[in-house]
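Tertiary structure, described
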Amino acid sequence: QVQLVESGGGLVQAGGSLRLSCAASGRTFSSYAVGWFRQAPGKEREFVGNINWSGGSTSYADSVKGRFTISRDNAKNTVYLQMNSLKPEDTAVYYCAAGLRFRARGGQNDYDYWGQGTQVTVSS
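Conventions adopted
- Residues numbered from 1 in each chain as written.
- Predicted model: local features only at pLDDT ≥ 70, side-chain atom pairs only at ≥ 80, totals over all residues.
- Heavy atoms only, no water.
- Helix = DSSP H or I, 4+ residues; strand = E, 2+ residues; numbered from the N terminus.
- Rg over C-alpha atoms; globule rule 2.2 N^0.38 Å.
- Buried < 20%, exposed > 50% of the residue type's maximum accessible area, 1.4 Å probe, protein only.
- Contact = heavy atoms within 4.5 Å.
- Areas by Shrake-Rupley, 256 points an atom, 1.4 Å probe, with all protein chains shown as cover.
- Polar contact = N/O pair within 3.5 Å; in protein donor to acceptor, adjacent residues only side chain to side chain.
- Pairing = 2+ DSSP bridges.
- Axes fitted to C-alpha atoms, helices over the stretch in contact; angles between N-to-C directions.
- Core = buried A, V, L, I, M, F, W, Y, C linked by side-chain atoms within 4.5 Å.
- Disulfide = S-S within 2.5 Å.
- Salt bridge = Lys/Arg side-chain N within 4 Å of Asp/Glu carboxyl O.

The next thing to look at is the overall build of the protein. Each helix and strand counted, the protein has zero helices and 11 strands in total. Listed N to C, the secondary structure of the protein is β-β-β-β-β-β-β-β-β-β-β in terms of helices and strands. Over its C-alpha trace the protein gives a radius of gyration of 13 Å, about what one expects of a compact globule, namely 14 Å for 124 residues. Out of the 124 residues belonging to the protein, those deemed buried represent 44%. For the protein, the proportion of contacts with a sequence separation of at least 24, taken over those separated by at least 6, is 58%. Approximately 6100 Å² of the protein is accessible, and the part contributed by carbon and sulfur atoms is 45%.

Locating N50 in the fold gives a position in strand β5 (residues 46-51). In this structure N50 comes out as buried when scored by relative accessible area, which is 0%. In this structure the side chain of N50 is engaged in a polar contact, spanning 2.9 Å, whose partner is the backbone oxygen of R103. Among residues more than four places away in sequence, those in contact with N50 are V34, G35, S57, T58, S59, I70, F102, R103, R105, G106 and Y111.

In spatial order, the strands read β1-β3-β8-β7; together these four strands make up an open sheet with antiparallel pairing. Of all the strands in the sheet, the pair left with one neighbour each is β1 (2-7) and β7 (68-73). On average, each strand axis in the sheet is tilted by 20° relative to the strand beside it, whichever way the strands run.

Moving on, we come to the nonpolar core. In terms of nonpolar packing, the biggest core is built from 34 residues, with L4, W36, F68, V79, L81, M83 and Y94 touching the most fellow members. With five residues, the single largest contributor to this core is strand β9 (residues 92-99). With residues up to four places along the chain from it excluded, the contact list for M83 reads G16, S17, L18, L20, R67, F68, Y94 and V120.

Counted under the stated rule, the structure contains one disulfide. A sulfur-sulfur distance of 2.1 Å marks the disulfide that ties C22 to C96. Looking down the S-S bond of the C22 and C96 bridge, the torsion is 70°, so its handedness is right-handed. Residue C22 is found in strand β3 (residues 18-26), and its partner C96 is found in strand β9; the two are separated by 74 residues along the sequence.

Our next topic: the pattern of salt bridges. All told, the structure shown has seven salt bridges when counted by the stated rule. Salt-bridge contacts for R38 lead to D90; the nearest nitrogen and oxygen are separated by 2.9 Å. Highlighted residues: R38 in strand β4 (residues 33-39) and D90 in the loop between β8 (78-83) and β9, separated in sequence by 52 residues. Across the pair, exposure class does not vary: R38 and D90 are buried alike. In this structure, R105 engages D62 in a salt bridge whose closest nitrogen and oxygen atoms are separated by 3.0 Å. With a gap of 43 residues between them, R105 in the loop between β9 and β10 (113-114) and D62 in the loop between β6 (58-60) and β7 connect regions that are remote in the sequence. Under the relative-accessibility criterion, D62 is labelled exposed at 57%.

Dropping the structure here:
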């Protein structure tokens, strides 16, 4: 079993930055790929980006390429989502998820464990 806890969400102005953290406990964290997803009110959950077990491979949705960066520190059992140049349309609940598979632009079914989500609100 893997437990994931997200933090770092909040309210920022357009153009600002936030860094979300996903802290893991349980099984060896370095064995897992991690994905980030987001869900805005009234919309379906969508893929944001993901990172493989070693951190050597990442992929991103077109909507966030060049603005968001995923990294991981396996020694700290933590994955980060650095969000720069935030836009109002980035407003959503952000979730991290872990799974044993890495697939570029992977979907929700690639992941077995999910965090509780953290709210990100970007004002105009």
